[in-house]
Amino acid sequence: MPQFLLPAEPVADVDAYLAAGGGEALRRAAELGPAQTIKELSLARLRGRGGGGFPTGRKWSTIVDAPGTDKFVVCNAAEGEPGTFKDRALLRANPYQTVEGMMVAARTVGATQAFVAIKGHYTAERERIVRAVEELQRAGLCDGCEVVIADGPDEYLFGEEKAMLEVIEGKPPLPRLFPPYEHGLFATAPQTGWEAVEVEPGHHGRHESNPTLVNNVETFANVAHIMRNGAEWFRRMGTDDSPGNVVVTVVGDVVRPGVAEVELGTPMRDVIASVGGGVADGRRVKAVFSGVANPVLPGHLLGTPMSYEDLARVGAGMGSCGFVVYDESACMVEVARQLSRFLYIESCGQ
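This structure is a prediction, so every number in the text was calculated from the model and none was measured. (Residues numbered from 1 in each chain as written. Predicted model: local features only at pLDDT ≥ 70, side-chain atom pairs only at ≥ 80, totals over all residues. Heavy atoms only, no water.)

Peer 1: Give me the overall build of the chain: which residues, what numbers.
Peer 2: Within the chain, the secondary structure is distributed over 12 helices and 9 strands. Over its C-alpha atoms the chain spans a radius of gyration of 20 Å, differing by no more than 12% from the 20 Å that the globule rule assigns to 350 residues. In terms of its C-alpha atoms, the chain occupies a principal-axis envelope of roughly 65 × 45 × 35 Å. A burial count over the chain gives 53% of its 350 residues as buried. Across the chain, the fraction of contacts at a sequence separation of at least 24, relative to all contacts at a separation of at least 6, is 70%. (Helix = DSSP H or I, 4+ residues; strand = E, 2+ residues; numbered from the N terminus. Rg over C-alpha atoms; globule rule 2.2 N^0.38 Å. Buried < 20%, exposed > 50% of the residue type's maximum accessible area, 1.4 Å probe, protein only. Contact = heavy atoms within 4.5 Å.)

See below:
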């Protein structure tokens with residue numbers, strides 16, 4: 001299985017990135033133009049890696065077609081789902097691919113400003129993405145689009161895309177009523193139940209709705225590779241409905257908690273064994289959680305392939321591939337209490 005998201009060794013600098021084919025995605029997007037770029041992503045059947053699994057090409061086309069004065073791109077790097085470390089692993093290993101994917105998005109939807117929203121205490125990851133942006137700017141790969149690093153709070157809700165826009169605008173992380181493609185950044189048009197903002201410095205006239213594209217770190221990283229290698233290359237991996245690889249976190253009652261790149265369609269049993277070393281000898285898996293809001297995957301269904309469609313078919317979900325494993329020693333009532341308490345505290349009554 002080809003590994004392309006998590007290199008064996010971290011990408012040291014922009015020269016190493018360019019020597020390995022970096023920049024080709026932007027060049028190809030410039031040749032194809034917005035419509036054909038979106039078509040390529042749609043043919044690849046890339047689905048958003050932030051947890052929802054929404055088709056990326058369709059999401060981008062919605063922004064392109066939406067009315068509004070200005071358009072923005074936001075990279076969600078505020079990873080906060082319990083049991084997940086994949087976006088931080090990607091930023092430590094190769095932040096350049098994520099920034100290039102963002103620049104492809106900005107060129108495609110017509111954005112002249114992009115934001116990387118990241119938790120302020122993610123020091124190592126923040127340093128890597130800041131350096132990547134600076135180096136890519138000097139290399140001329142960010143021409144026409146200003147990239148802003150937006151530090152955010154530790155709250156779980158900061159990772160919710162509507163709350164993220166609020167934080168970028170300097171407000172608390174409380175979700176808006178309408179999604180970003182309807183009511184984006186710095187919109188002066190008020191929405192029901194929320195507020196308009198003053199015109200952003202440097203802009204003139206009414207912003208209106210300002211459709212804003214929000215994707216996470218891993219989605220943008222995939223975009224860079226798809227645009228470089230083509231949709232057909234991407235579809236050779238994974239399943240028909242869930243092509244490609246994903247970066248998986250396996251924690252909990254396992255031998256060695258870890259993060260690794262895995263092909264979609266791999267049986268969950270093999271994912272837990274290869275990434276986490278399985279459970280201790282003499283133990284068996286009782287349940288696997290793929291996020292605090294997803295239904296549980298019971299141990300007897302570990303033969304289920306790791307894909308959006310297969311996990312949904314058995315009543316579970318893939319989420320952002322942060323799998324928390326519980327063995328037979330776990331009290332599921334206590335687990336439910338802990339997860340419910342987390343949501344009660346972190347959702348701020350929302």
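Peer 1: Give a description of helix α7 (residues 161–168) that names residues and reports values.
Peer 2: The element α7 is extensively covered by neighbouring structure, given that 7 of its 8 residues are classed as buried. For α7, the complete set of buried residues consists of K162, A163, M164, L165, E166, V167 and I168. Immediately beyond the C-terminal end of α7, within one or two residues, lies G170, with a positive phi of roughly 90°.

Peer 1: If you had to explain the pairing of strand β5 (residues 245–252) to someone new, which residues and values would you point to?
Peer 2: In regular strands, side chains alternate between the two faces of the sheet. The buried fraction of β5 amounts to 6 of the 8 residues, a majority that puts the element mostly inside the structure. The pairing of β5 with strand β6 (residues 258–263) spans 6 bridges and is classified as antiparallel. Note on β6: the bridge partner recorded for V250 is G258. Following β5, the chain reverses through 5 residues before pairing antiparallel with β6. (Pairing = 2+ DSSP bridges.)

Peer 1: Can you explain the packing of helix α2 (residues 24–44) against helix α3 (residues 56–65)? Please cite residues and give values.
Peer 2: Packed helix pairs are specified by the crossing angle of their axes together with the interaxial distance, meaning the distance between the axes. Contact geometry for α2 and α3: axes closest at 7 Å, N-to-C directions at 155°. Of the possible angle classes, the one that applies to α2 and α3 is roughly antiparallel. The residues of α3 that touch α2, namely those facing T37, I38, L41 and S42, are T56, G57, R58, W60, S61 and V64. Looking at the contact of α2 with α3 residue by residue, the class counts come to 4 nonpolar, 5 polar and 1 charged. (Axes fitted to C-alpha atoms, helices over the stretch in contact; angles between N-to-C directions. Parallel < 35°, antiparallel > 145°, perpendicular 65-115°, else oblique. Nonpolar A, V, L, I, M, F, W, Y, C, P; charged D, E, K, R; others polar.)

Peer 1: I'd like to hear about the side chain of H225, residue by residue, with values.
Peer 2: Residue placement: H225 occurs in helix α8 (residues 217–229). A polar contact is formed between the side chain of H225 and the side chain of Q97, at a distance of 2.7 Å. Beyond its immediate chain neighbours, meaning those up to four positions away, H225 contacts F4, L5, Q97, G230 and W233. (Polar contact = N/O pair within 3.5 Å; in protein donor to acceptor, adjacent residues only side chain to side chain.)

Peer 1: Any details on the pattern of salt bridges? Residues and values, ideally.
Peer 2: Scanning all chains against the criterion turns up 17 salt bridges. With a closest N to O distance of 3.3 Å, E40 and R28 form a salt bridge. Here R28 falls in the partly exposed class, since its relative accessible area comes to 25%. The salt bridge partner of D87 is K86, with a shortest N-O separation of 3.1 Å. Each of the two residues, D87 as well as K86, counts as buried. Salt bridges sharing partners connect three or more residues here, namely E166, E169, K171 and R176. (Salt bridge = Lys/Arg side-chain N within 4 Å of Asp/Glu carboxyl O.)

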